[in-house]
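# Observations on the model geometry
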Amino acid sequence: MTWEDRQQLILWISDRLAESLKGKIRLTRTPDTLQFIETRFAQLCDHAKIHLADGLRKEVYDGVLDELVGYGPIDGLLEDDSVTEVMVNGPKLVFVERNGKVTQANVRFLDDDHVMRVIHKIIAPLGRQIGRDHPMVDARLPDGSRVNAVIPPCAIDGPAITIRKFSKDRLTVEDLIRFGTMTEDVSRFLEACVVSRLNIIIAGGTGSGKTTLLNVLSNYIPHDERIVTIEDAAELQLAQTHVVRLETAAPEPDGTGRVDIRDLVINSLRMRPERIIVGECRGGEALDMLQAMNTGHDGSLTTIHANNPRDTISRLETLVLMAGMDLPLTVVRRQIVSAINLIVQQARLRDGSRKITSVTEIQGLEGDTVVLQPVFQFDEQGEQDGKVVGSLKASGIRPKFVDLLVRRGFDLPPSMFMDPARASMMPGARNR
C-alpha cells in the first residue's frame, strides 16, 4: 500500500467515524474517548471488510486518531516539546523550528483539501472564517499557540499554516536568566521599573521572544492592581487574578462585527485599568496607547517590531501617523518622549538563542532628536562551538529615573550601573 493509498484510507475512515460519533462523544484524548474510538474503528473495519496487517493497522489507527482528536499529520509535531514553531508551506512541505534552527519535517499532507481540513478544525471553535473572500485568518489553539493561515488565491502554492507554539510550562525570570536571555542585575532592574510603574516597550524582530519577555515582566505587576490585556490572539499568561483579557474579533462574512486592537485600546480606558498591556502595537492604536500612557495609565507595557531602539522611535512615529491624525512630527516625538520611559530590545541571534541586547532609557528631546541612553548593552565577543559568546553589561550611566525607583522602595546599588571594569576596581569589590 502506497503512502497516498494509506492516507486516503485514513481520511475515509476518519470521515465515517466522525459522522457516526457526532453528538455522542467529545473528541478529546481522554482514556474513555480513545477506548470508544478504538472500538468503533474495529467495528468499521470489520463492516467494510478492511483487512490490514498488524503494523499497518496500527499506522492507520494512529493516523485516524490524529485526524479525529488532533490536527492531522502535524499533530505529533505539536505534541513534541522540542518543536517551537510549525510551518506548513503547502501540502508537501512542512518545516519545524528546534532550538532556533529551522529544518524540514518528515511529514506531509495528502493534498490542499487535507490542509484545509486542519485549518477549519483550528478556526471552527473560535467562530473564525476563511474562504476566497477572507483568505487569511489569525487564530489560536486551545493551549494558546498562535496560528496564522493563508489560502489561495493569496497563497500561490497551496494553503499555508504557521503555528507559533505556546510553552506548556510558563517561563519565569529565573528561566530567562538560566537561558542567558538576561542577567540577574537586569532582572532586578526591570522588576523595579515595572513595579514603579514605568512605561516600557519591548522591541524586537519576529520570533525574537518579545511576547515571552512581556509575559515575564507582566508577572512583576502587583496582584492588587487591575490589568487589562489586549491581544490579536490571546497568548499572555498572567499570574494575577484581577485581569480582564480582551481579544480582537474578525469581521463577519458581510463585513460587520470587526473589532481591532485600536477599538479595544479605546474601550479599555473606560474599564478603570491600572495597567494596560497590549500584545503588540502595529497600527494606529500606537497613538491611543501613547495617549493612555500620558493620561494616568502609568506602568503600561507593549511590544513592537523594530531592530534597535532608534528604529523603535521611528516605527512608533510611523504607527502614530497611521492613526489618520495630521500631527506634526515634533508633536509626535514629544508624545513619545513624555509617554515612554524604557525600551527593552530583544533579539534572536544567529545561533538561535534569544537575548536582551539592550535596555535603553528615553531621556528627552534635544532639538528634534529623541535622546536615547543605554543602561545595559549586550557585548558580543565572538563565537565558540557555534554559539555566540557575549554578556549583557552596564553602560556605566545611571538612568535619570533612579530616584523614582528609590522612592518606590528599590535601593539599587550604584555598582549595578557601573561598567564591569570600573566596578571591579571599587574598594571591597573582591569581597562582594
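Here is what the cut-offs are and how they apply
- Residues numbered from 1 in each chain as written.
- Predicted model: local features only at pLDDT ≥ 70, side-chain atom pairs only at ≥ 80, totals over all residues.
- Heavy atoms only, no water.
- Helix = DSSP H or I, 4+ residues; strand = E, 2+ residues; numbered from the N terminus.
- Buried < 20%, exposed > 50% of the residue type's maximum accessible area, 1.4 Å probe, protein only.
- Contact = heavy atoms within 4.5 Å.
- Areas by Shrake-Rupley, 256 points an atom, 1.4 Å probe, with all protein chains shown as cover.
- Pairing = 2+ DSSP bridges.
- Axes fitted to C-alpha atoms, helices over the stretch in contact; angles between N-to-C directions.

Before going further, it helps to examine the overall build of the protein. Looking only at helices and strands, the protein features 14 helices and 15 strands. The dimensions of the protein, computed from C-alpha atoms along their principal axes, are 85 × 55 × 40 Å. Looking at the protein as a whole, 47% of its 432 residues qualify as buried. Restricting to contacts in the protein with at least 6 residues of sequence separation, those with at least 24 account for 55%. Surface accessibility of the protein: about 21400 Å² in total, with carbon and sulfur atoms responsible for 49%.

Here we come to helix α8 (residues 210–218). In terms of residue burial, α8 counts as a mostly covered element, since seven of its nine residues are buried. Those residues of α8 lying buried are Lys210, Leu213, Leu214, Asn215, Val216, Leu217 and Ser218.

The next point concerns the environment of arginine 197. Position of arginine 197 relative to the elements: it lies in the loop between α7 (184–195) and β7 (200–204). Among the residues examined, arginine 197 registers a relative accessible area of 19% and is labelled buried. Separated by 144 residues in sequence, arginine 197 and asparagine 341 have C-alpha atoms that sit 9.7 Å apart. Contact partners of arginine 197, with chain neighbours within four places excluded, come to Glu225, Glu274, Arg275, Asp298, Gly299 and Arg408.

Another aspect to go through is the sheet that holds strand β12 (residues 342–348). Pairing in this open sheet of nine strands is mixed, and the strands run β9-β8-β10-β11-β7-β12-β13-β14-β15 from one edge to the other. The outermost strands of the open sheet, each flanked by one partner alone, are β9 (243–247) and β15 (387–394). Across this sheet, the average inter-strand angle for adjacent strands is 25°, counted without regard to direction. Sheet analysis places β7 next to β12, joined by four bridges and oriented parallel. Opposite isoleucine 202, over in β12, you have valine 344 as the bridge partner. Contacts from helix α12 (residues 329–339) reach β13 (354–366) and β14 (369–384) within the one sheet, and its direction differs from that of β13 by about 120°.

This brings us to unusual backbone geometry. Peptide bonds are, in most cases, trans, and in most cases residues other than glycine have a negative phi. Put simply, proline 152 and proline 153 share a cis peptide bond, and its omega is 10°. With respect to the helices, strands and loops of the structure, proline 153 is situated in the loop between β5 (146–150) and β6 (160–164). If you check the backbone angles, arginine 197 has positive phi at about 65° while not being a glycine. Even without being a glycine, arginine 272 presents a positive backbone phi close to 50°. Of note, arginine 272 is situated in the loop between α9 (261–268) and β10 (275–278).

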